[in-house]
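# Residue-level structural notes
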Amino acid sequence: KRAKRPAGTPDKALAKPVTKVGVIGAGLMASQFALLFVRRLRVPVVITDLDQARVDKGLAYIRDEIGALEAKKRISTDEANRLRALVTGTTDKADFADADWVIEAVFEELAVKQDVFAEIEKHISPTAVLATNTSSLSVEKIGLKLEHPERLVGFHFFNPVAVMPLIEVVNAPATDEATLSTAMVIAGKLRKNAVITRDTPGFVVNRILAKLLGEAMHAVDTGTPFEVVDHALDGFGLPMSPFELLELVGLKVGAHVLDTHHAAFPDRFFESDNLHRLAEYGTILERDAKGRIKGFDK
Ligand code: CAA
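Residues numbered from 1 in each chain as written. Predicted model: local features only at pLDDT ≥ 70, side-chain atom pairs only at ≥ 80, totals over all residues.

- The protein goes by 3-hydroxyacyl-CoA dehydrogenase in an unreviewed UniProt entry, where it is assigned to Cryobacterium tepidiphilum.

## What about the overall build of the protein?
- For the protein, the helix and strand inventory stands at 11 helices and 8 strands.
- Taken along the three principal axes of its C-alpha coordinates, the protein extends 60 × 45 × 40 Å.
- Counting the 298 residues in the protein, one finds 40% classified as buried.
- Restricting the contact set of the protein to residue pairs at least 6 apart, pairs at least 24 apart contribute 67%. (Helix = DSSP H or I, 4+ residues; strand = E, 2+ residues; numbered from the N terminus. Buried ≥ 20, exposed ≤ 12 C-beta atoms within 10 Å, placed from the backbone. Contact = placed C-beta atoms within 7 Å.)

## Re the site of the ligand
- Lining the immediate environment of the ligand, one finds 16 residues, of which S135, N159, P160, A162 and P239 sit closest.
- For the shell around the ligand, the class distribution of residues is 13 nonpolar, 3 polar and no charged.
- A domain-level breakdown of the shell around the ligand finds at least three residues from each of domain 1 (12-198) and domain 2 (209-281). (Near = placed C-beta within 6 Å. Nonpolar A, V, L, I, M, F, W, Y, C, P; charged D, E, K, R; others polar. Domains from an automatic or database assignment.)

## Re the environment of G154
- In this structure, G154 sits in strand β6 (residues 152-156).
- According to the C-beta neighbour criterion, G154 is buried, with 28 such atoms within 10 Å.
- The spatial distance from the C-alpha of G154 to the C-alpha of G27 is 18 Å, given a sequence separation of 127 residues.
- If sequence neighbours within four positions are ignored, G154 has contacts with T132, T134, V139, E168, V169, V170, A172 and D199.

## Side note on helix α4 (residues 110-121)
- A rise of 1.5 Å per residue sets the reference length of α4, with its 12 residues, at 16 Å; its end C-alpha atoms lie 17 Å apart and thus fit the reference within 8%.
- Three or more residues of α4 are buried, namely K113, F117, I120 and E121. Viewed end-on, α4 has its buried residues packed into an arc of 105°, placing them on one side of the element. For α4, exposure combined with an orientation more than 90 degrees from the buried face picks out A111 and E119. (Expected span 1.5 Å × (residues − 1). Arc of directions from axis to C-beta.)

## Quick notes on the packing of helix α2 (residues 52-71) against helix α3 (residues 77-86)
- Between α2 and α3, the shortest axis-to-axis distance is 9 Å and the interhelical angle comes to 170°. On the basis of their axis angle, the class for α2 and α3 is roughly antiparallel. Here R63, I66, G67, L69 and E70 of α2 come into contact with α3, specifically with T77, A80, L83 and R84.
- Here the contact of α2 with α3 is composed, by residue class, of 4 nonpolar, 2 polar and 3 charged. (Axes fitted to C-alpha atoms, helices over the stretch in contact; angles between N-to-C directions. Parallel < 35°, antiparallel > 145°, perpendicular 65-115°, else oblique.)

## Describing the nonpolar core
- By size, the foremost hydrophobic cluster in this structure holds 53 residues, and its most contacted members are A34, V45, W101, V102, V153, V169 and A183.
- The greatest single-element share of this core, amounting to 7 residues, is contributed by helix α1 (residues 28-41).
- Beyond its immediate sequence surroundings of up to four residues, W101 is in contact with V18, V21, A128, V129, A131 and I186.
- Counting residues in hydrophobic clusters, the runner-up holds 21 residues, among them F226, A255, L275 and A279. (Core = buried A, V, L, I, M, F, W, Y, C linked by C-beta atoms within 7 Å.)

## Overview of the UniProt feature "domain: 3-hydroxyacyl-CoA dehydrogenase NAD binding" (unreviewed entry) in the protein
- Mapped onto this numbering, the UniProt entry gives "domain: 3-hydroxyacyl-CoA dehydrogenase NAD binding" (unreviewed entry) at residues 20-199.
- A helix fraction of 41% and a strand fraction of 21% characterise residues 20-199, whose end C-alpha atoms lie 27 Å from each other. (UniProt positions renumbered as here; feature names shortened; annotations may be inferred.)

## Details of the pairing of strand β2 (residues 45-48)
- In β2, alternate side chains face the same way, and those of V45 and I47 on one face and V46 and T48 on the other are all buried.
- Inspection of the sheet shows strand β1 (residues 21-24) paired to β2 by 4 bridges, in the parallel sense. Paired with V23 across the bridge in β2 is I47.
- Handedness of the β1-α1-β2 crossover: right-handed.
- The pairing of β2 with strand β3 (residues 87-90) spans 4 bridges and is classified as parallel. Paired with I47 across the bridge in β3 is G89. (Pairing = 2+ DSSP bridges. Right-handed = clockwise from strand over helix to strand, strands pointing away.)

## Some thoughts on the sheet that holds β2
- Taken together, 8 strands build an open sheet; the order of strands is β3-β2-β1-β4-β5-β6-β7-β8 and the sheet is mixed. Edge positions in the open sheet fall to β3 and β8 (193-198), since each of these has one partner strand only. The mean inter-strand angle of the sheet, taken between neighbouring strand axes irrespective of direction, is 25°.
- Where α2 meets the sheet, its contacts fall on β2 and β3, and the angle it forms with β3 comes to roughly 170°.
- Where α4 meets the sheet, its contacts fall on β1, β4 (101-104) and β5 (129-132), and the angle it forms with β4 comes to roughly 155°.

## Observations regarding the domain arrangement of the protein
- When its domains are assigned, the protein resolves into domain 1 (12-198) and domain 2 (209-281).
- One C-alpha centre belongs to domain 1, the other to domain 2, and the line joining them spans 28 Å.
- On the side of domain 2, 8 residues touch domain 1, which itself brings 6 residues to the contact.
- The residue makeup of the side of domain 1 that touches domain 2, split by class, is 2 nonpolar, 3 polar and 1 charged.

And the structure:
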């Protein structure tokens, strides 16, 4: 007799096998999780991006990281060579035809993600499962241009992917049980803790982080010096200060996440022009000779 599943968790028996992974995007998050897929699933992983230069940069990152694991003796030379051989890059979507799990981490813009999925659906197998690494957009809306939105699930990693133990598996209204089940089984194989979340802005983690980082930014916007805000939580046990964390997340992504939350809950989240200005400058951590944050002219 099969044990009763906890409420809300899908039947693992419905999970589809994954024999090849397709990764759309070769940037910061995509190349990190492409590495994790090849390392933990040991199946071919193909990555794609807008052009060959971006693809090559992602591939170089993955190969360097495999080299680093080998140098630290976490994996043998044989294993490193096997993993390197399993990862390929392409700009030809036809190379996704036999992928059965396709995950994207392209720019956090709804229209971009919708078009990416509508386009890839023309090239993939009808049974392939689709996943989005969106951090705060609606998975339901991302799937609106799909012919089969029931095969789309949110699969949200945290940075650094190799270290952070959590994946948010976003159960959108259209997501079917086989898709959800596949996502949960894959998360297990990646050795991550998976939580199933509702398809609400920011899901669970970013809703909380956006509050913390948004309040930190708003304190600066309303006159508290950067340093005061950045060090106020020292000793609270957080691994990073708020602005270090914003830098790690990426200032453009951070600004976008704040905007998404402000749009959804204008009375609860702030948006910050200063954060957009800093995102344009590129870093929050660089100081001038007087110790002032460069790129911040307030
Ligand atoms: N890639 C791979 N491994 C990394 C890494 C990276 N970018 N950064 C650190 N590591 C590894 C190191 O190799 C080291 O591993 P070993 O001990 O096995 O060698 C381990 O992590 C610890 O690293 P360090 O000792 O160098 O540094 P640390 O102890 O200061 O930890 C940290 C660094 C893990 C990044 C820690 O500061 C931390 O957990 N910070 C908070 C990160 C966080 O909150 N991330 C979530 C951001 S939100 C998000 O990503 C989602 C979104 O949608 C916006």
